[in-house]
Amino acid sequence: MSEPKGGFPVSFEFFPTKTPEGAQKLRAVRAQLYARQPEFCSVTYGAGGSTQEGTFNAVKEILSEGVDAASHFSCIGATRDSVRAQLAQLKAMGVRRLVALRGDLPSGYGIGGEFHYASDLVAFIREETGRDFHIEVAAYPEVHPQARSAEADLKAYATKVNAGADSAITQYFFNADAYFRFVDDTRKLGVEAPVVPGIMPILGATQLMRFSDACGAEIPRWIRLRLQGYGDDVESIRAFGLDVVTAMCEQLRAGGVPGLHFYTMNQSAATLEICKRLGL
């Protein structure tokens with residue numbers, strides 16, 4: 001596969017901040033990352049839509065900064081009417097891209113709402129808005145943590161894409177073979193949507209391990225042991241992380257991936273350095 005014309009596409013993900021100081025800091029981070037000319041920037045959505053206002057405000061700011069913005073959009077606990085109203089709001093803001101997810105329920109809630117799966121949401125968005133939005137869905141090269149089996153997870157992914165998704169962004173991983181195997185398996189099911197790998201720069205050991213255990217992302221044993229061996233040596237962890245993630249991105253790029261989507265954790269230094277090393 002050859003690289004897309006006009007340079008290699010990258011995109012960046014942010015999460016909504018809770019304070020005016022956080023919002024100010026995030027503006028500075030975005031300004032630094034815009035130097036890499038992202039295809040778009042996405043903004044996450046809290047459990048049960050708990051950060052909806054913050055998400056939509058950040059999306060609005062990104063659009064006003066002249067960059068295409070994608071809003072995460074989850075459906076757990078939502079009704080057809082509430083989703084319809086949110087879609088109208090996003091469309092009025094000028095949003096043309098959505099990341100459609102099932103999402104998480106806030107703790108203590110039952111599974112209310114009229115949508116049980118991301119595929120239900122994708123189908124509803126298409127039904128309501130036609131081709132107004134480019135719809136991204138999530139993909140799990142190392143299997144969704146709640147899936148009954150790897151095969152069931154692949155079928156669930158195929159159902160989401162066949163419901164009307166344009167492309168997918170993966171959960172982060174540190175093993176390129178898992179990504180390539182996943183794409184091969186989806187092609188065997190006749191699912192041709194582009195699958196963009198999600199890339200997590202390694203910013204710290206403890207947080208990464210806790211986060212990965214919670215979301216089902218595998219940290220290969222050799223990486224885990226090296227990170228543990230560095231203890232509190234932040235500089236060594238950072239240097240090792242940059243080497244590991246850059247090498248994986250080079251492998252992915254050589255294998256013809258359609259782009260790279262960086263989970264920035266609202267920081268710019270590591271993502272900028274990886275992009276620089278990749279010559280982007």
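Being a predicted model, the structure only gives us computed values, none of them experimental.

(A) Representation of the sheet that holds strand β3 (residues 69-74) in the model. Spatial strand order, β1-β2-β3-β4-β5-β6-β7-β8: eight strands in a closed barrel with parallel pairing. This sheet shows a mean twist of 30 degrees between the axes of neighbouring strands, independent of strand direction. Pairing geometry for strand β1 (residues 10-14) and strand β8 (residues 260-263), over four bridges, is parallel. Looking across to β8, one finds that E13 is bridged to Y263.

(B) Quick look at unusual backbone geometry. One non-glycine residue with positive phi stands out, namely Q37, at about 50 degrees. A relative accessible area of 69% means that Q37 is categorised as exposed. With phi around 75 degrees, V143 is a residue other than glycine that occupies positive phi space. Inspection of the secondary structure puts V143 in the loop between β5 (134-139) and α5 (150-162).

(C) Main features of helix α6 (residues 176-188). Here α6 is 13 residues long and its end C-alpha atoms lie 19 Å apart, about the 18 Å a rise of 1.5 Å per residue gives. Residues of α6 that are buried include every one of A176, A178, Y179, F182, V183 and T186, and no others. Seen from one end, α6 has its buried residues packed into an arc of 160 degrees, which puts them on one side. In α6, the exposed residues that point more than 90 degrees away from the buried face are D177, R181 and K188. Of the surrounding secondary structure, the elements contacted by the buried residues of α6 are β5, α5, β6 (167-172), β7 (195-199) and α9 (234-254). Of the residues flanking the start of α6, the one acting as N-cap is N175, its side-chain oxygen 3.0 Å from the backbone nitrogen of D177.

(D) Focus on the nonpolar core. Judged by nonpolar contacts, the single largest core of 84 residues is most densely connected at Y157, F174, L227, L252 and L260. Here the element with the most residues in this core is α9; it accounts for eight residues.

(E) Highlighting the environment of R253. In this fold, R253 is placed in helix α9. For the pair R253 and C275, spaced 22 residues apart in sequence, the C-alpha separation works out to 12 Å. Looking at R253, its side chain comes within polar contact range of the main-chain oxygen of L278, at 2.8 Å.

(F) Seen up close, the pairing of strand β4 (residues 97-101). Where burial is concerned, most of β4 is hidden: four out of the five residues are buried. As judged from the five bridges shared by β3 and β4, these two strands associate in the parallel manner. Pairing of S71 across the sheet is with L98, part of β4. Handedness of the crossover joining β3 and β4 through helix α3 (residues 80-93): right-handed. Here four bridges tie β4 to β5, and the two strands are oriented parallel to one another.

(G) Looking closely at the pattern of salt bridges. Scanning all chains against the criterion turns up 18 salt bridges. For the salt bridge of R97 with D68, the shortest nitrogen-to-oxygen distance reads 3.9 Å. Of this pair, R97 sits in strand β4 while D68 sits in the loop between α2 (52-64) and β3, and the two are 29 residues apart along the sequence. Owing to a relative accessible area of 9%, R97 belongs among the buried residues under this scheme.

(H) The arrangement of the environment of K160 in detail. Positionally, K160 belongs in helix α5. Since its relative accessible area comes to 12%, K160 is described here as buried. Spatially, the C-alpha atoms of K160 and A254 are 28 Å apart, while their sequence positions differ by 94 residues. Beyond its immediate sequence surroundings of up to four residues, K160 is in contact with A118, S119, V122, V137, A138 and A165. At a separation of 2.7 Å, a polar atom in the side chain of K160 contacts the main-chain carbonyl oxygen of A138.

Reading the values: rules and limits
Residues numbered from 1 in each chain as written. Predicted model: local features only at pLDDT ≥ 70, side-chain atom pairs only at ≥ 80, totals over all residues. Heavy atoms only, no water. Pairing = 2+ DSSP bridges. Helix = DSSP H or I, 4+ residues; strand = E, 2+ residues; numbered from the N terminus. Axes fitted to C-alpha atoms, helices over the stretch in contact; angles between N-to-C directions. Buried < 20%, exposed > 50% of the residue type's maximum accessible area, 1.4 Å probe, protein only. Expected span 1.5 Å × (residues − 1). Arc of directions from axis to C-beta. Contact = heavy atoms within 4.5 Å. Polar contact = N/O pair within 3.5 Å; in protein donor to acceptor, adjacent residues only side chain to side chain. Core = buried A, V, L, I, M, F, W, Y, C linked by side-chain atoms within 4.5 Å. Right-handed = clockwise from strand over helix to strand, strands pointing away. Salt bridge = Lys/Arg side-chain N within 4 Å of Asp/Glu carboxyl O.

Worth remembering: the numbers are spatial, not functional.
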